[in-house]
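# Analysis of the macromolecular model
Residues per chain, in single letters:
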Amino acid sequence: MIYNWLKNNLSGLFSKQCLLCLSPTNNKHLLCSDCERDLPENKSYCIICAIPFATTQPTQASLICGKCQKSPPFYTTSLIPHIYTSPLKQLISNLKFQGNLTHAPLLAQNFIRSIEHRKNNLPECIIPVPLHPQRLRERGFNQALELARIIARKLNIPLDYALCQRNKATPFQSGLSAKQRKQNLKNAFCVTKNHSYKHVAIFDDVVTTGTTVNELARQLKQSGVETIEVWAIARTPNKNN
Ligand SMILES: [Zn+2]
Ligand SMILES: [Zn+2]
């Protein structure tokens with residue numbers, strides 16, 4: 001009882017530090033209001049793959065990028081609220097490579113805010129991009145699963161992590177050409193069980209070229225899913241812009 005009293009009355013006196021600028025903050029998700037406002041938003045993007053366009057004006061029309069026009073992916077649309085640049089890049093790589101899972105609720109919360117207005121037509125389940133068991137052993141956790149878990153709970157949508165499996169321990173993709181990435185990821189995933197889903201969302205932390213999510217979408221489509229959305233925290237900027 002005394003402990004609770006102390007906790008309730010003293011917690012406000014000791015504020016925590018912002019994860020990015022280290023200034024004191026009482027914000028629940030450990031980012032001060034200034035830093036939270038500065039997170040790079042994906043405002044103008046392709047309605048299919050969410051690649052950011054060079055303009056900073058919010059998307060007015062339903063624009064589709066050249067790549068999606070030329071060869072449409074297996075997924076229908078993407079919801080990716082941030083651009084993968086500093087300081088968000090820092091938060092995500094802390095989560096991914098240093099195992100700092102304290103950032104997960106913050107990143108998930110920002111994603112949830114971008115979908116809150118959508119009351120209807122939500123997917124039947126969320127499918128986090130699976131890690132190969134070998135990579136999972138090395139890292140100890142799957143960041144896409146950790147983020148998707150929070151989002152699924154908040155949106156009240158089931159999470160189906162057992163539906164898909166990664167067959168190949170693909171080498172790190174960064175630095176590879178688009179063609180090499182594609183080759184690496186060919187048949188990297190499989191659907192492991194029968195299901196009746198017609199509408200699902202694939203979830204990843206960061207979408208770089210879209211090859212990974214598209215390979216997973218290909219398998220899901222072949223297994224009978226009609227509408228596939230791609231959900232992620234951040235999209236890498238288009239190098240050609
Ligand atoms: Zn800050
Ligand atoms: Zn596109």
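As a reminder, the structure under discussion sits directly above these lines.
Residues numbered from 1 in each chain as written. Chains lettered and ligands numbered in written order. Predicted model: local features only at pLDDT ≥ 70, side-chain atom pairs only at ≥ 80, totals over all residues. Heavy atoms only, no water.

### A closer look at unusual backbone geometry
With an omega dihedral of 0°, the bond running from Ser86 to Pro87 counts as a cis peptide bond. Here Pro87 lies in the loop between β4 (82-83) and α4 (88-97). For Ala50, which is not a glycine, the phi torsion comes out positive at approximately 65°. With respect to the helices, strands and loops of the structure, Ala50 is situated in the loop between α2 (33-38) and α3 (66-70). Of the residues examined, Ala50 reaches a relative accessible area of 1% and is grouped as buried. Of note, the phi angle at Asn156 is positive, near 60°, even though the residue is not glycine. (Helix = DSSP H or I, 4+ residues; strand = E, 2+ residues; numbered from the N terminus. Buried < 20%, exposed > 50% of the residue type's maximum accessible area, 1.4 Å probe, protein only.)

### Some points on the packing of helix α8 (residues 178-185) against helix α9 (residues 211-222)
For the pair α8 and α9, interaxial distance at closest approach is 10 Å and the crossing angle is 35°. As for the relative orientation of α8 and α9, their crossing is right-handed in sense. On the side of α8, the interface is formed by Arg181, Lys182 and Leu185, while α9 contributes Thr211, Thr212 and Glu215. Of the residues assigned to the contact of α8 with α9, the class counts are one nonpolar, two polar and three charged. (Axes fitted to C-alpha atoms, helices over the stretch in contact; angles between N-to-C directions. Left-handed = near helix turned anticlockwise from the far one by under 90°. Contact = heavy atoms within 4.5 Å. Nonpolar A, V, L, I, M, F, W, Y, C, P; charged D, E, K, R; others polar.)

### Examining the coordination of the zinc ion (ligand 2)
Bound to the zinc ion (ligand 2) on the protein side are Cys46 (SG), Cys49 (SG), Cys65 (SG) and Cys68 (SG), at distances that span 2.3 Å. For the zinc ion (ligand 2), the four donor atoms in the first shell make angles of 104 to 116° at the metal, a pattern classed as tetrahedral. On the primary sequence, the residues serving as donors to the zinc ion (ligand 2) are separated as C-x2-C-x15-C-x2-C. Here Cys46 is found in the loop between α2 and α3, whereas its partner Cys65 is found in the loop between α2 and α3, with 19 residues between them in sequence. The residues Cys46 and Cys65 share a single accessibility class, namely buried. (Donors = N, O, S within 2.8 Å, 3.2 Å for Na, K, Ca; no water. Tetrahedral: all angles 85-135°; square planar, octahedral: opposite > 155°, others 65-115°.)

### Let's talk about the coordination of the zinc ion (ligand 1)
Around the zinc ion (ligand 1), the protein contributes the donor atoms Cys18 (SG), Cys21 (SG), Cys32 (SG) and Cys35 (SG), at 2.3 to 2.4 Å from the metal centre. Note that the zinc ion (ligand 1) binds four donor atoms; their angles at the metal cover 105 to 115°, and the shape is tetrahedral. Sequence positions of the residues that donate to the zinc ion (ligand 1) give the spacing C-x2-C-x10-C-x2-C. The exposure class assigned to Cys21 is partly exposed, which follows from its relative accessible area of 39%.

### Things to note about α8
For α8, the complete set of buried residues consists of Arg181, Asn184 and Leu185. For α8, the buried positions fall inside an angular range of 85° around the axis, keeping them on one side. Those residues of α8 that are exposed and aimed more than 90 degrees away from the buried face are Lys179, Lys182 and Gln183. (Arc of directions from axis to C-beta.)

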